[in-house]
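# Fold and geometry: a report
Residue-level listing of the chains:
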Amino acid sequence: MRFIIRVSAELVNYFGISLLAMRKLEKNALTALFAFTALALAALTMPILVVFGSFLILPGLILVCAPTIALYGWLFALPYTALRNLSAAWWKAALAALVLPLAFGWALPMLINAETRESIAAAVANDFRPAQPLTIGGTVALLRDERTGGLQKADNSCDDLCLRLLYNGIAKTVYIGQPGQTGMAYTVEQRPVCPQFTYTAGAQTWGSWSRGEGSADFTPKLGLKEVVEARVAGGDCLVRVSGRIRPDWTIERIALPPVDRPNGWSMAPGKTQGERITVYRHDARSKRPVGRFTNAYASILSVPLIPQLPFRGPWAWNRTTVGDSRWDWDSVTALRSLIAFDPDIPDATASARMRELLASALADPRRERDDAGIMLANSIAIDIVQNGAKPDDAALLAKAVADPRFTEIDFNWKFLDRLGDEFPEVGEAALNRLVEGKNLDNREAVYRLDGLVARLPDRFFNPPPPHVVEALSIPERADRLHSVIRRLALMGDAAVPILTQIIESGAQRASTIENQGYKRSDSLKAADIAARELCKIGPSGRAALPTIQASWALLDATSGNSYGRDTDGGKFMAIYKGRVIYEHRIVTLISLGNVSINEFTPPRQPSVTLNGSWQRYIESEVQNFQCSISGVGR
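Each value, and the rule that gives it
- Residues numbered from 1 in each chain as written.
- Predicted model: local features only at pLDDT ≥ 70, side-chain atom pairs only at ≥ 80, totals over all residues.
- Heavy atoms only, no water.
- Axes fitted to C-alpha atoms, helices over the stretch in contact; angles between N-to-C directions.
- Helix = DSSP H or I, 4+ residues; strand = E, 2+ residues; numbered from the N terminus.
- Parallel < 35°, antiparallel > 145°, perpendicular 65-115°, else oblique.
- Left-handed = near helix turned anticlockwise from the far one by under 90°.
- Contact = heavy atoms within 4.5 Å.
- Nonpolar A, V, L, I, M, F, W, Y, C, P; charged D, E, K, R; others polar.
- Buried < 20%, exposed > 50% of the residue type's maximum accessible area, 1.4 Å probe, protein only.
- Arc of directions from axis to C-beta.
- Disulfide = S-S within 2.5 Å.
- Expected span 1.5 Å × (residues − 1).
- 1 Å grid on protein atoms, 1.4 Å probe; cavity = no way out; pocket = protein on both sides within 12 Å on 5 of 7 lines; lining within 4 Å.
- Points joined across faces, edges and corners; volume = space filled by probe spheres on them.

Our next topic: the packing of helix α6 (residues 160–167) against helix α7 (residues 224–233). Where α6 meets α7, the axes come as close as 11 Å, and the angle between the chain directions of the two elements is 40°. Classified by the interaxial angle, the pair formed by α6 and α7 is oblique. Crossing angle aside, the handedness with which α6 passes α7 is left-handed. Between α6, through D160, L163, R164 and Y167, and α7, the contact on the second element is made entirely by L224, V228, R231 and V232. Taken together, the residues of the contact of α6 with α7 break down into five nonpolar, no polar and three charged.

Pasting the structure below:
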């Protein structure tokens, strides 16, 4: 009893002190609330401040929390102040004032989210699954709308599901298209030579079929494309079917009606989005649904309700997603709950079989550009990575690389590293192909071939073969031989005339190209590499300086640009003999012209002249041979 009396006395004493200090506490709390309001406005109008503040951790955390603290602070402060002005006790005012922030932050979003969840439930209400996944066959129609048709919206090419149905022998014919529009039908036929098979990334409209496709460490693997190419190369041709198609089954994949995202501070319920897969069975007169799977999701307001900083859009309430979004849901798993089939195609990618098919295709004059059999060269390169090289691989791949029908080259020299001492046979074939240039309109193919040339040993370039030297004098061919130009310095003084010719002819061609976009500068890449090689050669490379200066003058005269003489606008410009020039020309003059760095007047910018930073930068560029033709002068 004495303990209770003592505790009561202490509580009375405590509340007495609190009542005396309450007015001061309320005033301090209001001041703090105004401060958080100012921080909230700063965070919402200039979210970059949050990014900068995050580097210091605490300031960033305060700015992130400021909008929420200000919001709920005012929701509490306004009714609390009103009640206190009506002479209510502070604790009664506090309890009553808590109702508004609790109702706004918890009760209101929960009521709105309940409507969103009802919408999701309605979207999946008509779903049903067969007791066992259905076994389909015959003629199968695959219908997809423009929002579920992959990257190529109007493309009715045979997608990954189409290929798996046909090459697994499940379906005899597959029709693919959009509801209400004319599509395309495919089947597999045995022929001596197949029509060209093209498989694009845009045709991959379904999810992950197996763990074997792709790799987290980017190790190349033989996937669906390579498997089907091997089948096509062996005579299992993918051909189009004409005439009226009567499907036995239809697999329809359509998106739910599109919705607009809530605007700004709207608290409207999230609208349901997603996709629906329906399987239909056809009889003589009609079709009936035999399975349906709907993936439905929507955005709901966070509980408690908090403002979202406008990093990627306008101010809004923070929302989360209920259900699997379009990026998260597994369409293949959904499909397998409706139909039963083995997604793995019986392939022809055994090492010996692929090599046999490639050799046959290369020897067959009926095969056209990028025939599936010729494309097996890419698959064999992958097979070498996975299983090692076979004795005749270098000769076979060299023959493929040299064949002008092979343009979709999709491997680099790293894939062929296991060829060891036999690799030069492939590299030399790539070099001759670049010199010839037939069917090399594909820039990616040029890049891949040039990478193979770069792997060749130095003996191929000291000196290079005569037909290669001849090709370097033609700008269009020199553009394909960057790796050769990068090795010409190995010849020493003998390379100077060749490099000088590359610069002169390259500048003459570039001067005829309009100075817009990157076309003109791209045409000078070979000349720029030649200039760097001259700087590597050293004093004997100075013989090319008059040609380089004449090329600069020609390019400046045809650039179409009007330049001033103020160097404040450029960080690494300088004045030389009354003219403004850029860094790479400065480096070239110092490297080849025996010009001292002291003859240049650096830019009038403290940020680049302080402590000699401009001089150090230029000297570093000289040491790295960063000479150039395309650097602009004024």
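Text resumes after the structure shown.
For the rest of this paragraph, the subject is helix α4 (residues 90–97). Buried within α4 are the following residues: A93, A94 and A97. Burial along α4 is one-sided: seen end-on, the buried residues are contained in an arc of 100°.

With that settled, consider the state of the cysteines. Tallying each qualifying case throughout the model produces three disulfides. The disulfide that involves C194 links it to C237, with 1.9 Å between the sulfurs. Where C194 bonds to C237 through sulfur, the torsion about that S-S bond is close to -80°, and the disulfide is left-handed. Highlighted residues: C194 in the loop between β3 (184–190) and α7 and C237 in strand β4 (residues 236–241), separated in sequence by 43 residues. Under the relative-accessibility criterion, C194 is labelled buried at 10%. Among the cysteines of the chain that take part in disulfides, numbered as they appear in the sequence, the pairing is 1-2, 3-4, 5-6.

In this model, helix α9 (residues 351–363) (13 residues) spans 19 Å end to end at C-alpha, consistent with the 18 Å of a helix rising 1.5 Å per residue. Packed against the buried residues of α9 are α7, α10 (372–387) and α11 (393–402).

A complete count under the given rule lists two cavities of 30 Å³ or more for this structure. In this structure, the largest cavity encloses a volume near 60 Å³. What lines the largest cavity is a set of 10 residues, among which L142, L143, R144, D159 and W206 lie closest to the centre. At the level of elements, β1 (138–144) and β5 (249–255) are the ones that each hand at least two residues to the lining of the largest cavity. A per-element tally of the lining of the largest cavity places β1 first, with three residues. Residues of the lining of the largest cavity, tallied by class, amount to five nonpolar, two polar and three charged. In this structure, the second largest cavity spans a volume of roughly 50 Å³. Contributing to the lining of the second largest cavity are L472, P475, A478, D479, I502, S505, G506, R509, S523, A526 and A527. Listing elements by their share of the lining of the second largest cavity, those giving two or more residues are α15 (475–478), α17 (496–510) and α19 (525–537).

In short, shape yes, function no, at least from these values alone.
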